[in-house]
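Single-letter residue listing:
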Amino acid sequence: MLELFAYLIVPISTLLMPGKSGWLESNFSVIGSRAPGQPFFILWGTFTGIFFYLLLNRLNAQVLALTQKQLSHLLPSCSVLLLFVSLLFPYLPESMPFLSALHVFCAFFSSVGLFLCLAALAHMLQTCSSAYRPYFYLLGVIPPVCLGLFFAADGIISSGMEIFFTIFCSLYGIRLHHRLKRELAGT
(Lines give C-alpha, C1' and ligand atoms only; values in the text may rest on other atoms or scores of the structure.)
Protein backbone atom coordinates (compact mmCIF):
# COMPACT_ATOMS: atom_id res chain seq x y z
CA MET A 1 0.00 0.00 0.00
CA LEU A 2 2.84 2.41 0.81
CA GLU A 3 4.29 1.72 -2.62
CA LEU A 4 1.07 2.75 -4.34
CA PHE A 5 1.20 6.08 -2.54
CA ALA A 6 4.97 6.58 -2.92
CA TYR A 7 5.22 5.79 -6.63
CA LEU A 8 1.81 6.88 -7.95
CA ILE A 9 -0.63 8.78 -5.74
CA VAL A 10 1.74 11.25 -4.08
CA PRO A 11 3.84 12.09 -7.18
CA ILE A 12 0.91 12.31 -9.60
CA SER A 13 -1.29 14.36 -7.29
CA THR A 14 1.68 16.59 -6.46
CA LEU A 15 2.41 17.18 -10.15
CA LEU A 16 -1.27 17.95 -10.79
CA MET A 17 -1.59 20.33 -7.84
CA PRO A 18 -0.31 23.49 -9.61
CA GLY A 19 -2.85 23.11 -12.38
CA LYS A 20 -2.33 25.75 -15.05
CA SER A 21 -0.27 28.08 -12.87
CA GLY A 22 3.44 28.23 -13.43
CA TRP A 23 5.68 26.18 -11.18
CA LEU A 24 7.75 29.24 -10.25
CA GLU A 25 5.01 31.89 -10.13
CA SER A 26 2.72 30.45 -7.49
CA ASN A 27 2.56 27.85 -4.74
CA PHE A 28 0.19 25.27 -3.32
CA SER A 29 -1.12 27.62 -0.63
CA VAL A 30 -2.20 30.25 -3.16
CA ILE A 31 -3.67 27.61 -5.48
CA GLY A 32 -5.43 25.90 -2.57
CA SER A 33 -7.02 29.14 -1.39
CA ARG A 34 -8.87 29.65 -4.67
CA ALA A 35 -12.26 28.03 -5.13
CA PRO A 36 -11.44 25.51 -7.87
CA GLY A 37 -8.23 24.32 -6.18
CA GLN A 38 -9.35 24.16 -2.56
CA PRO A 39 -10.93 20.66 -2.47
CA PHE A 40 -7.98 19.14 -4.34
CA PHE A 41 -5.52 20.93 -2.01
CA ILE A 42 -7.25 19.48 1.06
CA LEU A 43 -7.39 16.02 -0.53
CA TRP A 44 -3.73 16.22 -1.60
CA GLY A 45 -2.64 17.37 1.87
CA THR A 46 -4.64 14.64 3.58
CA PHE A 47 -3.29 11.82 1.38
CA THR A 48 0.25 13.15 1.55
CA GLY A 49 0.12 13.67 5.31
CA ILE A 50 -1.25 10.19 6.01
CA PHE A 51 1.33 8.64 3.67
CA PHE A 52 4.28 10.38 5.32
CA TYR A 53 2.98 9.60 8.80
CA LEU A 54 2.70 5.89 7.98
CA LEU A 55 6.04 5.85 6.17
CA LEU A 56 7.90 7.60 8.99
CA ASN A 57 6.43 5.23 11.56
CA ARG A 58 7.39 2.22 9.45
CA LEU A 59 10.92 3.57 8.96
CA ASN A 60 11.19 4.29 12.67
CA ALA A 61 10.24 0.71 13.54
CA GLN A 62 12.76 -0.64 11.03
CA VAL A 63 15.53 1.60 12.36
CA LEU A 64 14.71 0.48 15.91
CA ALA A 65 14.92 -3.19 14.88
CA LEU A 66 18.28 -2.63 13.22
CA THR A 67 20.03 -0.13 15.51
CA GLN A 68 18.14 -0.30 18.83
CA LYS A 69 17.64 3.47 18.42
CA GLN A 70 14.46 5.23 17.46
CA LEU A 71 13.10 8.64 16.71
CA SER A 72 10.63 10.08 19.17
CA HIS A 73 7.11 9.55 17.86
CA LEU A 74 6.48 13.19 18.68
CA LEU A 75 8.41 14.60 15.71
CA PRO A 76 6.54 12.73 12.92
CA SER A 77 3.23 13.34 14.69
CA CYS A 78 3.91 17.07 15.06
CA SER A 79 5.04 17.35 11.46
CA VAL A 80 1.84 15.79 10.13
CA LEU A 81 -0.31 17.70 12.62
CA LEU A 82 1.21 20.96 11.37
CA LEU A 83 0.36 19.95 7.80
CA PHE A 84 -3.25 19.23 8.75
CA VAL A 85 -3.52 22.52 10.66
CA SER A 86 -2.19 24.38 7.61
CA LEU A 87 -4.98 22.78 5.55
CA LEU A 88 -7.59 24.23 7.92
CA PHE A 89 -6.48 27.84 7.52
CA PRO A 90 -6.79 29.48 4.12
CA TYR A 91 -4.02 31.55 2.65
CA LEU A 92 -5.83 34.85 2.14
CA PRO A 93 -3.36 37.48 3.36
CA GLU A 94 -5.50 40.45 2.28
CA SER A 95 -8.61 39.45 4.23
CA MET A 96 -7.21 37.09 6.89
CA PRO A 97 -3.61 38.09 7.61
CA PHE A 98 -3.27 36.28 10.95
CA LEU A 99 -4.73 32.98 9.69
CA SER A 100 -2.59 33.28 6.57
CA ALA A 101 0.54 33.75 8.68
CA LEU A 102 -0.47 30.74 10.78
CA HIS A 103 -1.00 28.72 7.59
CA VAL A 104 2.49 29.64 6.30
CA PHE A 105 4.10 28.86 9.67
CA CYS A 106 2.43 25.45 9.92
CA ALA A 107 3.11 24.49 6.29
CA PHE A 108 6.77 25.52 6.49
CA PHE A 109 7.51 23.78 9.78
CA SER A 110 5.65 20.68 8.66
CA SER A 111 8.18 20.35 5.82
CA VAL A 112 11.08 21.13 8.15
CA GLY A 113 9.79 18.42 10.50
CA LEU A 114 9.59 15.88 7.68
CA PHE A 115 13.15 16.69 6.60
CA LEU A 116 14.42 16.44 10.20
CA CYS A 117 12.71 13.06 10.66
CA LEU A 118 14.32 11.64 7.54
CA ALA A 119 17.70 13.15 8.45
CA ALA A 120 17.57 11.82 12.02
CA LEU A 121 16.64 8.32 10.85
CA ALA A 122 19.36 8.34 8.18
CA HIS A 123 21.88 9.61 10.74
CA MET A 124 21.03 6.78 13.16
CA LEU A 125 21.49 4.28 10.34
CA GLN A 126 24.76 5.67 9.04
CA THR A 127 26.31 5.70 12.53
CA CYS A 128 25.41 2.01 12.80
CA SER A 129 26.55 0.96 9.33
CA SER A 130 28.51 2.77 6.64
CA ALA A 131 26.25 1.10 4.06
CA TYR A 132 23.65 3.75 4.94
CA ARG A 133 25.99 6.72 4.61
CA PRO A 134 24.83 7.44 1.02
CA TYR A 135 21.25 7.77 2.29
CA PHE A 136 22.39 10.34 4.83
CA TYR A 137 24.42 12.30 2.28
CA LEU A 138 21.66 12.14 -0.33
CA LEU A 139 19.48 14.28 1.92
CA GLY A 140 22.09 17.00 1.41
CA VAL A 141 20.61 17.51 -2.07
CA ILE A 142 17.43 19.03 -0.63
CA PRO A 143 18.72 22.35 0.79
CA PRO A 144 20.68 23.55 -2.27
CA VAL A 145 17.96 22.53 -4.74
CA CYS A 146 15.28 24.22 -2.63
CA LEU A 147 17.45 27.31 -2.28
CA GLY A 148 18.01 27.38 -6.05
CA LEU A 149 14.28 27.09 -6.67
CA PHE A 150 13.64 29.81 -4.07
CA PHE A 151 15.91 32.23 -5.93
CA ALA A 152 14.63 31.13 -9.34
CA ALA A 153 11.12 32.01 -8.15
CA ASP A 154 12.16 35.51 -7.02
CA GLY A 155 12.18 34.64 -3.34
CA ILE A 156 8.97 32.69 -2.89
CA ILE A 157 8.33 29.12 -1.89
CA SER A 158 7.06 28.00 -5.26
CA SER A 159 5.08 25.05 -6.56
CA GLY A 160 8.32 23.87 -8.14
CA MET A 161 10.00 23.69 -4.74
CA GLU A 162 6.99 21.98 -3.19
CA ILE A 163 6.87 19.45 -6.03
CA PHE A 164 10.59 18.68 -5.75
CA PHE A 165 10.50 18.36 -1.97
CA THR A 166 7.37 16.20 -1.80
CA ILE A 167 8.34 13.80 -4.58
CA PHE A 168 11.98 13.57 -3.44
CA CYS A 169 10.94 12.74 0.14
CA SER A 170 8.35 10.24 -1.05
CA LEU A 171 10.77 8.34 -3.27
CA TYR A 172 13.66 8.66 -0.82
CA GLY A 173 11.54 7.34 2.04
CA ILE A 174 10.16 4.36 0.15
CA ARG A 175 13.60 3.41 -1.21
CA LEU A 176 15.05 3.55 2.33
CA HIS A 177 12.11 1.46 3.54
CA HIS A 178 12.83 -1.21 0.89
CA ARG A 179 16.55 -1.21 1.71
CA LEU A 180 15.81 -1.72 5.42
CA LYS A 181 13.21 -4.36 4.64
CA ARG A 182 15.79 -6.34 2.62
CA GLU A 183 18.40 -6.04 5.35
CA LEU A 184 16.00 -7.07 8.10
CA ALA A 185 14.92 -10.08 6.01
CA GLY A 186 18.58 -11.07 5.66
CA THR A 187 18.83 -10.73 1.88
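This is a predicted model, so every value here is computed, not measured.

Quick notes on the rules
- Residues numbered from 1 in each chain as written.
- Predicted model: local features only at pLDDT ≥ 70, side-chain atom pairs only at ≥ 80, totals over all residues.
- Heavy atoms only, no water.
- Helix = DSSP H or I, 4+ residues; strand = E, 2+ residues; numbered from the N terminus.
- Rg over C-alpha atoms; globule rule 2.2 N^0.38 Å.
- Contact = heavy atoms within 4.5 Å.
- Areas by Shrake-Rupley, 256 points an atom, 1.4 Å probe, with all protein chains shown as cover.
- Lys, Arg positive; Asp, Glu negative; His and termini not counted.
- Charge placed at Lys NZ, Arg CZ, Asp CG, Glu CD.
- 1 Å grid on protein atoms, 1.4 Å probe; cavity = no way out; pocket = protein on both sides within 12 Å on 5 of 7 lines; lining within 4 Å.
- Points joined across faces, edges and corners; volume = space filled by probe spheres on them.

Novice: What is the right way to look at the overall build of the protein chain in this model?
Specialist: Each helix and strand in the protein chain was counted, giving 8 helices and 0 strands. For the protein chain, the succession of helices and strands along the chain, N to C, is α-α-α-α-α-α-α-α. The C-alpha radius of gyration computed for the protein chain amounts to 17 Å, which stays within 12% of the reference 16 Å derived for 187 residues, consistent with globular compactness. Counting only C-alpha atoms and orienting by the principal axes, one finds that the protein chain spans roughly 55 × 30 × 30 Å. Pairs at least 24 residues apart make up 71% of the contacts formed inside the protein chain by residues separated by at least 6 positions. Here the protein chain has roughly 9500 Å² of accessible surface; of this, 73% comes from carbon and sulfur atoms. In the protein chain, which carries 9 positive and 6 negative side-chain charges, the distance between the mean positions of the two groups comes to 16 Å.

Novice: What's the story with the layout of surface pockets in this structure? I'm lost.
Specialist: In this approach the atoms are scanned with a rolling probe the size of a water molecule, which exposes any empty space left behind. Here the largest pocket is characterised by a volume of approximately 850 Å³. Along the walls of the largest pocket sit 33 residues, with Ala 107, Phe 108, Ser 111, Ile 157 and Glu 162 positioned nearest its centre. Looking at the lining of the largest pocket, the elements with two or more residues in it are helix H2 (28-33), helix H3 (38-67), helix H4 (74-88), helix H5 (97-128), helix H7 (142-152) and helix H8 (159-185).

Treat this as a map of the structure, not an account of what it does.
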